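Secondary and tertiary structure notes
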Amino acid sequence: MEDPAWNTIGRLVDWLDRGSELPEETKTLLQILKITEEAGEVAEAVIGATGQNPRKGYSHTWEDVQNELCDVIVTAMVALTRVNPDARSVFAANLDRIAARSLAAMAPVPETDGGLDGS
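In this report, we go over the structure that sits alongside the text. Computed from a prediction, not measured in an experiment: that's the story for all the values here.

Looking now at the nonpolar core. Side chains of a nonpolar character, in soluble globular proteins, are inclined to be buried together. Listed in full, the six residues of the largest apolar core are Trp6, Ile9, Val13, Met77, Val78 and Ala87. Residue contributions to this core peak at three residues, all from helix 1 (residues 4-18). With near-sequence residues (within four places) excluded, valine 13 lies in contact with Val78, Thr81 and Arg82.

Have a look at this one:
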């Protein structure tokens, strides 16, 4: 099944690989570290969007925050692809696992006849 997002991630991984002569393990480790760098940029954008740095004031917008969040997501997708070439299947399985665990709390409580003794 075609998945444009994951197809784009594959092209980005290929592009990054062409631009680096580092060993694969090093590229993977650096890509994982890149997630932290991008998350820091999200934090910077939130601080700027809320004007919480007195020296800089309102230096960012909420659109900047959205863009930085997308950078984190793409960076993590690239990192996952480096860790496992079948990243789309790994992600889908984990998304299902997380949804099942998280959304189970929203499941309706089975109805009873209201008796306290379970009858």
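On we go.
Our focus in this paragraph is a nonpolar patch on the surface. A cluster of nonpolar side chains, contributed by Leu12, Trp15 and Val74, occupies part of the molecular surface with about 270 Å² of accessible area. The exposure class of valine 74 is partly exposed, given its relative accessible area of 33%.

The subject of this paragraph is the pattern of salt bridges. Two side chains bearing opposite charge may form a pair once their charged atoms approach each other closely. Applying the stated criterion to the full structure yields six salt bridges. In this structure, glutamate 37 and lysine 34 form a salt bridge, with 3.0 Å as the shortest nitrogen-oxygen distance. Taken as a pair, glutamate 37 and lysine 34 lie in helix 2 (residues 24-50) at a separation of three residues, close to a single helical turn. For glutamate 37, a relative accessible area of 40% corresponds to the partly exposed category. Assessed through its relative accessible area of 30%, lysine 34 is described here as partly exposed. Residue glutamate 38 pairs with lysine 34 through a salt bridge whose shortest N-O separation is 3.4 Å. Taken together, the positions of glutamate 38 and lysine 34, both in helix 2 and four residues apart, correspond to about one turn of that helix. If you follow the salt bridges from partner to partner, you end up with Asp17, Glu24, Lys27 and Arg82 in one network.

Turning our attention to helix 2. Its 27 residues give helix 2 an end-to-end C-alpha distance of 40 Å, which sits within 8% of 39 Å, the value for a rise of 1.5 Å per residue. Of all the positions in helix 2, only Lys27, Thr28, Gln31, Glu38, Val42, Ala45, Gly48 and Ala49 are classed as buried. Residues of helix 2 that are buried in the fold lie against helix 1 and helix 3 (62-83). Just downstream of helix 2, glycine 51 is the residue with a positive phi angle, here 65°.

This part takes up the side chain of glutamate 38. The class of glutamate 38 is buried, set by a relative accessible area of 7%. If we skip the residues at most four places from it in the chain, glutamate 38 touches Glu68, Asp71, Val72 and Thr75.

By the element assignment, alanine 49 lies in helix 2. Judged by its relative accessible area of 10%, alanine 49 falls in the buried class. Considering only alpha carbons, one finds alanine 49 and valine 65, 16 residues apart in sequence, at a separation of 7.7 Å. For alanine 49, the contacting residues outside a window of four places in its chain are Tyr58, His60, Thr61, Trp62 and Val65.

Cut-offs and rules
Residues numbered from 1 in each chain as written. Predicted model: local features only at pLDDT ≥ 70, side-chain atom pairs only at ≥ 80, totals over all residues. Heavy atoms only, no water. Core = buried A, V, L, I, M, F, W, Y, C linked by side-chain atoms within 4.5 Å. Buried < 20%, exposed > 50% of the residue type's maximum accessible area, 1.4 Å probe, protein only. Helix = DSSP H or I, 4+ residues; strand = E, 2+ residues; numbered from the N terminus. Contact = heavy atoms within 4.5 Å. Patch = residues over 30% accessible without salt bridge, like charges linked within 9 Å, V, L, I, M, F, W, Y side chains within 5 Å. Areas by Shrake-Rupley, 256 points an atom, 1.4 Å probe, with all protein chains shown as cover. Salt bridge = Lys/Arg side-chain N within 4 Å of Asp/Glu carboxyl O. Expected span 1.5 Å × (residues − 1).

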